[in-house]
Amino acid sequence: MTMSESGDISEFGYIMELLAKGKVTIKNIERELICPACKELFTHPLILPCQHSICHKCVKELLLSLDDSFNDVGSDNSNQSSPRLRLPSPSMDKIDRINRPGWKRNSLTPRTTTFPCPGCEHDVDLGERGINGLFRNFTLETIVERYRQAARAATAIMCDLCKPPPQESTKSCMDCSASYCNECFKIYHPWGTVKAQHEYVGPTTNFRPKVLMCPEHETERINMYCELCRRPVCHLCKLGGNHSNHRVTTMSSAYKTLKEKLSKDIDFLIGKESQVKSQISELNLLMKETECNGERAKEEAISHFEKLFEVLEERKSSVLKAIDASKKLRLDKFQTQVEEYQGLLENNGLVGYAQEVLKETDQSCFVQTAKQLHLRIQKATESLKSFRPAAQTSFEDYVVNTSKQTELLGELSFFSSGVDVPEINEEQSKIYNNALITWHHSEKDKADSYVLEYRKINRDEEMVPWNEVEVSGTSKVVSNLESNSHYAFRVRAYKGSICSPCSRELTLHTPPAPVFSFLFDEKCGYNNERLLLNLKRDRVESRAGFNTLLAADRIQVGYYTSLDYIIGDAGITKGKHFWAFRVEPYSYLVKVGVASSDKLQEWLHSPRDAVSPRYEQDSGHDSGSEDACFESSQPFTLVTIGMKKFFTPKSPTSNEPENRVLPMPTSIGIFLDYDKGKVSFYDMDHMKCLYERQVDCSHTMYPAFALMGSGGIQLEEPITAKYLEYQEDMEFKNPM
């Protein structure tokens, strides 16, 4: 497809005609020419699989930054669970290194080709060819150059071949990719030579190839368009490449279809200019109305809270008055009792009065007074024997219980007006490298939006504020969660200005370390005769068939099947890492764990050394020599899973005579602390540690798996933004 300057003007003449008429000023399209990554004008933009464009250098920086983060996953300063953190730009030597033709990695080294698109945040996979498999967006490059020219109309493009000082150029050669003044052009493009036939245009800095070549097959021209992948392809891509089963159309048909659609869309938008202006005016009015209504709603809310404050103040005053009255009454009783007891003291009150009565010598008068006095003294004496305070000092019956009211105030929200409470789906919600929270809501009360709230639950029971995320659908991926922590999640629905109460809280436990990403390695010890690996390399199966049956010489002689090992394609040399997987329930015998590189070499070269699980130390079976060598740290740790059971090896410090047998978890996690030399096995459903022990980490450690008989292992899939559904935005009306 010829992409010359003159051809480009003819192809986009309609658009440029509008620009020339002033109906669409080139100044207004600046935001369309800004790279979403660097926020500057595009420089050599590439088209990603999601159809968004990004600068060539920005793609390199993203890949290298994520690659460095991946390699440092175990360091204390890294956080692999948050790949969207802004990372420092890599050095230029790293950028040059990734573009060298022979630059490759070995099978045990992580390979980063997936990153989030800065435009739509969906994960895009560049595949094995990486950047080399992407098309340059020459059309966007041309428009950016025109914008630059319009922005710097007074700035001339200088000749590239002149001796200093250079002269202003008058022509640019598209074949030589250089600009020339009149004299230099005559010198370097003399008449009667091949160069005289070169194509030249007005002065420009935007040089583009005449023919668009296929990135997959560099010698083939682009002549077709794949409707499924929405990208140009060559005939080799269609015949035997990745697009062999896809529906394609001719480039001319795709060009015609897209140009008609684009022209109609632009014509429609320009024809609706008055309608757009009126709608903009309406939106401005709605913004003002929203501002007024928002202030009015705030005033009403303040009024309601002030009424609550008044009620609380009234109740506060009433309670304080009741406490003061009770306090005064009790103090009066205590004071009266104190005065009575003061009278019992010598030379005071009753005792002094009795002493004076005893001085009476007239018997009649004495008897008349002493009888009543005796009764009073007798009563006082009895009170001394059974002392009891006249009132209580405690005010327990005056303690204000506000727990119920506090809970109600915590749930204080706008009146729901019949909007049902959304319900979090615990089965579909999961947590791994991120958290995926899914919820249900009644169709009759379909909400306009939802607010997902989450917070970390501290062990010291400190009240951590809720984080809020507005969601338009019924699921959300939450990232940047701390490892080995409990998080509470709840959701509420909004319909207009009405808010439903919050759903019941769901508590999830994050893994004990950042998630370690790897795939099964098909190049290191993989036995393709007995093991079946899928194309994504995240699932492996072991099939026991006729090969096993025919291997027995006679019916009386059994045949023992050895373990078939397979490892991860990435190694660990430091830090803390966690990964998870599922073992199929029908599996006969599966071993999972970690192994060092030197032990793997021994296993893969001499697999018969460990043919019997009974004599393997970490098999989970009770071997006779296990106790003798358990204390020594081994360069591997494997536990046995099979027949829906999880076999836990005997602990070296335990007096248990037999190994423990547990039900097989739905998903199993492995936590490796390389620096401390410790490996742990987890039940992912409850994030509960089932077994842990020391392991020798003096060499590179790899996730290790072994299968015997029928069985299957599926690696846990990381939670990414691909769980958020989005629709295709382009369809063709003319199939092939």
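As annotated in an unreviewed UniProt entry, the protein chain carries the name E3 ubiquitin-protein ligase TRIM36 isoform X1 and is attributed to Castor canadensis.

J.: Lay out the packing of helix 10 (residues 349-357) against helix 11 (residues 363-385) with the relevant residues and their values.
T.: As a packed pair, helix 10 and helix 11 sit with axes 11 Å apart at the nearest point and diverge in direction by 150°. Put simply, helix 10 runs roughly antiparallel to helix 11. The hand of the helix 10/helix 11 crossing is left-handed. Side by side, helix 10 and helix 11 meet where L350, Y353, A354 and V357 of the first sit next to F366, T369, L373, R376, I377 and A380 of the second. The residue inventory of the contact of helix 10 with helix 11, partitioned by class, reads eight nonpolar, one polar and one charged.

J.: Any details on the sheet that holds strand 10 (residues 231-233)? Residues and values, ideally.
T.: A sheet is described by the order of its strands in space; here three strands give the open sequence 10-9-11, paired in antiparallel fashion. The sheet is open, and its two borders are formed by strand 10 and strand 11 (248-250), each paired with just one other strand. Neighbouring strand axes in the sheet, compared pairwise and without regard to direction, differ in orientation by 35° on average. Of the pairings in the sheet, the one linking strand 9 (residues 224-226) to strand 10 comprises three bridges and is antiparallel in character. The residue of strand 10 that forms the bridge with Y225 is P232.

J.: Go over the nonpolar core, please, and point to the residues and values.
T.: Counting residues in each nonpolar core, the largest one holds 47 residues, and the members touching the most others are W579, F581, V592 and F705. The leading source of residues in this core is strand 24 (residues 576-583), at five residues. Not counting chain neighbours up to four residues away, the residues in contact with F705 comprise F518, F520, D564, Y565, I566, W579, F581, K591, V592, I713 and L715. Counting residues in hydrophobic clusters, the runner-up holds 23 residues, among them I29, L46, V124 and L134.

J.: So what's going on with the sheet that holds strand 23 (residues 564-567)? Residues and values would help.
T.: The strands that make up a sheet pair up through hydrogen bonds in the backbone, lying either parallel or antiparallel. Sheet architecture is open: six strands sit in the order 23-32-25-26-27-28, paired in antiparallel fashion. Strands with a single pairing partner mark the edges of an open sheet, and in this sheet they are strand 23 and strand 28 (660-663). Going across the sheet, the axis of each strand differs from the next one's by a mean of 25°, ignoring polarity. Two elements, strand 27 (residues 645-648) and strand 28, share four bridges in a ladder whose sense is antiparallel. Opposite K645, over in strand 28, you have P663 as the bridge partner. Across the face of the sheet, helix 14 (residues 597-605) comes into contact with strand 23, strand 25 (589-596), strand 26 (636-642) and strand 32 (701-708) while running at roughly 135° to strand 25.

About the cut-offs
Residues numbered from 1 in each chain as written. Predicted model: local features only at pLDDT ≥ 70, side-chain atom pairs only at ≥ 80, totals over all residues. Heavy atoms only, no water. Axes fitted to C-alpha atoms, helices over the stretch in contact; angles between N-to-C directions. Helix = DSSP H or I, 4+ residues; strand = E, 2+ residues; numbered from the N terminus. Parallel < 35°, antiparallel > 145°, perpendicular 65-115°, else oblique. Left-handed = near helix turned anticlockwise from the far one by under 90°. Contact = heavy atoms within 4.5 Å. Nonpolar A, V, L, I, M, F, W, Y, C, P; charged D, E, K, R; others polar. Pairing = 2+ DSSP bridges. Core = buried A, V, L, I, M, F, W, Y, C linked by side-chain atoms within 4.5 Å. Buried < 20%, exposed > 50% of the residue type's maximum accessible area, 1.4 Å probe, protein only.

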